[in-house]
Amino acid sequence: MNHVVFRHRRAGFTLVELLVVIAIIGILVGLLLPAVQAAREAARRMSCSNNFKQIGLAAHNYHSAYKQLPTQCGGSRPPAGTPAADPRTTGTPDQGGGTNHGFLGWLVGLTPYMEQQGLWDQISNPSIKVVGLPDLQQPNKWNPMGPVPWQLFYPPWMTELPMLRCPSDPGLGLPAQGRTNYAACMGDSIRRQDVGRWDADLQFTGNQEVTWAVIVKTEHRGMFVTRDATRFRDVLDGLSNTIMAGEIVTAIGDRSIIGEGSFNHGNNQLHANPSLCYDNNEIDPERPKFWCSNGANCTQPNLQAAGGSRFRGFRWSDGRAMWSGMTTILPPNREICQQGGAQAAASVPGVFPPSSRHQGGVHILMGDGAVVFISDSIEAGNSRAPMVRAGANYTAIGSPSPYGVWGALGTRANSEVIQENFN
């Protein structure tokens, strides 16, 4: 009898076939990862835009209620003659008290319109809550509208609001007090950008304030004016043609030109040339997104010391431009260049372009509530043209913005026609 032997070949991959499959999978993953990253950034960018739309809606609701926009650098005044460092102004963690010294930013008044009624109630009423310490004991309490924005022990100023954060921005936590990625548009000129028409202690002393009031009325041409109220009726160029606010990054301590400002420049020199920091060779030529750092081919600028809360976007409650303001002088994602002021460098006026971690541009909130994406390459005129200011060495008051379409978008009543569609 013949026996038929059946040989069963075991199914499987040879080594060569396995290596080919692995190579193909590797190629597919390499092709897929950039697409996944792009999709994630697109989602973050959409979320950022939605946050900005909600802020715009809140601003319109605020205007409907109060017939004006929230004031940039508004709030309560200290007792007459009280210096800024006096405990009656700053408040203390064991006794509370304090006034905000007229430094509250535009976002504070919007909190009840951004579904933050609980936070607004804490700000607008006497409060005994303290950050990191036992609550105050009566009769000690924080005054309504809170102490100065740099008071670390006042809970609202240390609160991080999700609606004020762009998901693409990696900044997180201390030393920031409560970050914001959205800043009010303060126009195309910077004189008295930090204090407006008032003296530093918010007391009216006479002729100086009259002179400063003229400066503010003629040179502060943005949607928001420091320590002064603006209304939609003041926007003669049309709400759809005027920037209300812009996106900003929050600093991460990396010497970035968009997160940290170079200060200690002469006022007149900076007003005459907004590109002063660039022309002083303060930007690293090998890494043009960063300030020079002991480089042989560039000049090391004056920057804030490490630590503290004096970097871009670090205080959502503070109305000064470093923290919650922007200008339409240099185009988006250009360097922050400031005047003198070594004692409180973040407080001094400067050129504060909008900025973002998105590729190629920034989100801008227009006066009508529309959110548009503006390219870094927007037509921005002459970046070395003098700012609008009284005096023979500057652009004459009442002139068209010297900063092209970008500057025109930042002025509220300059009768400049915008022919481009940014939607």
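As a reminder, the structure under discussion sits directly above these lines.
A brief structural summary. It should be emphasised that the depicted structure is a prediction, and the values quoted were computed from it without experimental measurement. (Residues numbered from 1 in each chain as written. Predicted model: local features only at pLDDT ≥ 70, side-chain atom pairs only at ≥ 80, totals over all residues. Heavy atoms only, no water.)

Quick look at the sheet that holds strand β10 (residues 371-375) now. An order of β6-β3-β4-β9-β10 is seen for the five strands of this open sheet, with the pairing classed as mixed. The open sheet has two edge strands, β6 (325-326) and β10, and neither has a second partner. Looking at chain direction, strand β9 (residues 361-366) and β10 are connected through five bridges and run antiparallel. Within β10, the position partnered with I364 by the bridge is V372. (Pairing = 2+ DSSP bridges. Helix = DSSP H or I, 4+ residues; strand = E, 2+ residues; numbered from the N terminus.)

In this structure the tally under the stated criterion is twelve salt bridges. One salt bridge in this structure joins D228 and K217, with 3.6 Å as the shortest N-O distance. Highlighted residues: D228 in the loop between α5 (207-219) and β4 (243-247) and K217 in helix α5, separated in sequence by eleven residues. A relative accessible area of 60% places K217 in the exposed class. A cluster of three or more residues bridged by salt bridges with shared partners is formed by E160, R165, D169 and R357. (Salt bridge = Lys/Arg side-chain N within 4 Å of Asp/Glu carboxyl O. Buried < 20%, exposed > 50% of the residue type's maximum accessible area, 1.4 Å probe, protein only.)

Along the chain, Q138 connects to P139 via a cis peptide bond; the corresponding omega equals 10 degrees. Within the element layout of this structure, P139 appears in the loop between α4 (117-124) and β2 (141-142). Cis peptide bonds are those with omega within 30 degrees of zero, and the linkage from L174 to P175 qualifies with 10 degrees. In this fold, P175 is placed in the loop between β2 and β3 (182-185). With a phi angle near 60 degrees, R192 is a residue other than glycine that sits in the positive phi range. Of note in this structure, N264 is not a glycine but carries a positive phi near 75 degrees.

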